[in-house]
Amino acid sequence: MMIVIKPNTVPIWEKFALTINEATEYFNLGEKKMRYLVNEYSDSGFVLQNGTKILIKRKKFEEFLNETSMV
């Protein structure tokens, strides 16, 4: 499989923050599960929110997943 990257685009694995859709693809979780985790653990340090736009801090979320066994 060949990965095609558009010019001037940061690859998903190098991004600081991911949208909900990018995070579901990257972490192989469903959208409902991702939104649940954002709502339930919004104070865990991996959620960035600007108005209605929600971003997931990739490395912080990875740490969260490594520390929890509930997901």
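Residues numbered from 1 in each chain as written. Predicted model: local features only at pLDDT ≥ 70, side-chain atom pairs only at ≥ 80, totals over all residues. Heavy atoms only, no water.

## Some remarks on the side chain of arginine 58
With respect to the helices and strands, arginine 58 occurs in helix α3 (residues 58-67). Residue classification places arginine 58 among the buried positions, given a relative accessible area of 8%. One polar contact links the side chain of arginine 58 to the main-chain carbonyl oxygen of tryptophan 13, over a distance of 3.3 Å. Of note is the side chain of arginine 58, whose polar atom sits 2.8 Å from the backbone oxygen of lysine 15. Setting aside anything within four residues of it in sequence, one finds arginine 58 in contact with Ile12, Trp13, Glu14, Lys15, Phe16, Ala17, Leu18, Tyr26 and Phe27. (Helix = DSSP H or I, 4+ residues; strand = E, 2+ residues; numbered from the N terminus. Buried < 20%, exposed > 50% of the residue type's maximum accessible area, 1.4 Å probe, protein only. Polar contact = N/O pair within 3.5 Å; in protein donor to acceptor, adjacent residues only side chain to side chain. Contact = heavy atoms within 4.5 Å.)

## Here's the deal with the environment of leucine 37
Within the fold, leucine 37 resides in helix α2 (residues 31-40). Relative accessible area serves as the criterion here: at 0%, leucine 37 is assigned to the buried category. Each C-alpha atom of the pair leucine 37 and valine 47 lies 9.6 Å from the other, and the pair is 10 residues apart in sequence.

## Description of the pattern of salt bridges
In this structure the tally under the stated criterion is three salt bridges. For glutamate 31, the salt bridge is made with arginine 35, and the minimal N-O distance between the two is 3.0 Å. Of this pair, glutamate 31 and arginine 35 both sit in helix α2, four residues apart, which is roughly one turn of the helix. For glutamate 62, the salt bridge is made with arginine 58, and the minimal N-O distance between the two is 3.5 Å. Placement of both glutamate 62 and arginine 58 in helix α3 is noted, with a separation of four residues, approximately one turn of the helix. (Salt bridge = Lys/Arg side-chain N within 4 Å of Asp/Glu carboxyl O.)

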